[in-house]
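So you can see what is in the structure, the chains are spelled out below.
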Amino acid sequence: MLKVISFTICPFVQRVTALLEAKGLPYEIEYISLKDKPQWFLDLSPNGQVPVLITESGQALFESDAIVEYIEDAYGPLNSSLTPEQKAVNRAWSYLAAKNYLVQCSAQRSGDEVTLNERSVKLEKAFASIEKELGNARFFNTNEVGMVDIAWLPLLHRAALIERHAGYDFLAGYPKLKRWQQHLLFTGLAEKSVATDFEEAFTGFYLSDQTFLGNRNCQVSAPANNTCATDSCC
């Protein structure tokens, strides 16, 4: 059976587990602490990062881009009708998502409003780019979940949690992106692809009293495309 080595709130891991869930593939998952990485993990992961996927033959794979491409190759594509050109385009849009995982993490951990606005600029550029690309389909230009949807799910899932718990909407001003987010969340893949205590761990880290979004005594003067409510924290 496939095995995933994970850290509870890592978006790169969720990209892998969401793909496994979308394909209906069984897998085991083991969580480690990034503050105290066991030696056996460091022996498996040359970059010392999660995710790591242990294949059924025992080969350790690292880097989420390589892992999801392996899963597509080894277990069949989510969408078998794509041309090589379409696959390349989708791969590029998937890379754009992954490049912004840590950008989103950094923005969410901002200690003040100025820092939040500064760190959100790059993230908003990515959101604006894909907003132009989205059509009227339920998912990324199709009515079936594909690789681009899987890649963007961690970003959209986390944006939904921030909006629900802090009232700050990273996707405000992007109606197609919001609709895409709703369709993706409705699939249930977001919940299936994370640990049972994910939401608690996520909000505890990104909405702590050390973060601007976690400080419910503040009122956000939202930058362009963003709004923030002032209701009490959940």
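Computed from a predicted structure; not experimentally measured.

S.K.: Which parts of the structure should I look at to understand the pairing of strand β2 (residues 27–31)?
M.R.: Within a regular beta strand, the side chains point alternately toward one face of the sheet and then the other, so they alternate between its two faces. When strand β1 (residues 2–6) meets β2, the two strands line up parallel, connected through five bridges. Its bridge partner lying in β2, Ile 5 is registered against Glu 30. For the segment spanning β1, helix α1 (residues 11–23) and β2, crossover handedness is right-handed.

S.K.: Before we go on, may I ask you to explain the nonpolar core in this structure?
M.R.: For soluble globular proteins, nonpolar side chains are generally found buried alongside one another. Trp 152, Phe 170, Leu 177, Trp 180 and Leu 213 are the most contacted members of the largest nonpolar core, which totals 66 residues. For this core, the leading source of residues is helix α7 (residues 147–166), giving 11 residues. In this view, Leu 177 contacts Phe 127, Ile 130, Glu 131, Leu 134, Leu 156 and Leu 171; residues no more than four positions away in its chain are not counted.

S.K.: Looking at this structure, I do not really get empty space enclosed by the protein. What am I missing?
M.R.: In this approach the atoms are scanned with a rolling probe the size of a water molecule, which exposes any empty space left behind. Considering all chains together, one arrives at two cavities of 30 Å³ or more under this definition. Roughly 60 Å³ of volume is contained in the largest cavity. Lining the largest cavity are 14 residues; nearest its centre among them are Ser 6, Thr 8, Val 13, Ser 193 and Val 194. Here the element with the most residues in the lining of the largest cavity is α1; it accounts for three residues. Classifying every residue of the lining of the largest cavity gives eight nonpolar, five polar and one charged. Contributing to the lining of the second largest cavity are Leu 134, Gly 135, Ala 137, Arg 138, Phe 139, Lys 176, Arg 179 and Trp 180.

S.K.: Sorry if this is basic, but what is going on with helix α8 (residues 175–186) here?
M.R.: In an α-helix, one full turn covers 3.6 residues, which means residues spaced three or four apart are oriented alike. Helix length check: α8, at 12 residues, gives a terminal C-alpha distance of 17 Å against a target of 16 Å (1.5 Å per residue), a fit within 8%. Leu 177, Lys 178, Trp 180, Gln 181 and Leu 184 are the residues of α8 that are buried. Taken around the axis of α8, the buried residues stretch over an arc of 160°, which confines them to a single face. Every exposed residue of α8 that faces more than 90 degrees away from the buried side is listed here: Pro 175, Gln 182 and Phe 186. Next to the buried residues of α8 lie α6 (113–133), α7 and β5 (168–169). Gly 188 sits one or two residues past α8 and shows a positive phi near 85°.

Rules and cut-offs
Residues numbered from 1 in each chain as written. Predicted model: local features only at pLDDT ≥ 70, side-chain atom pairs only at ≥ 80, totals over all residues. Heavy atoms only, no water. Pairing = 2+ DSSP bridges. Helix = DSSP H or I, 4+ residues; strand = E, 2+ residues; numbered from the N terminus. Right-handed = clockwise from strand over helix to strand, strands pointing away. Core = buried A, V, L, I, M, F, W, Y, C linked by side-chain atoms within 4.5 Å. Buried < 20%, exposed > 50% of the residue type's maximum accessible area, 1.4 Å probe, protein only. Contact = heavy atoms within 4.5 Å. 1 Å grid on protein atoms, 1.4 Å probe; cavity = no way out; pocket = protein on both sides within 12 Å on 5 of 7 lines; lining within 4 Å. Points joined across faces, edges and corners; volume = space filled by probe spheres on them. Nonpolar A, V, L, I, M, F, W, Y, C, P; charged D, E, K, R; others polar. Expected span 1.5 Å × (residues − 1). Arc of directions from axis to C-beta.

Taken by themselves, the reported measurements are silent on function.
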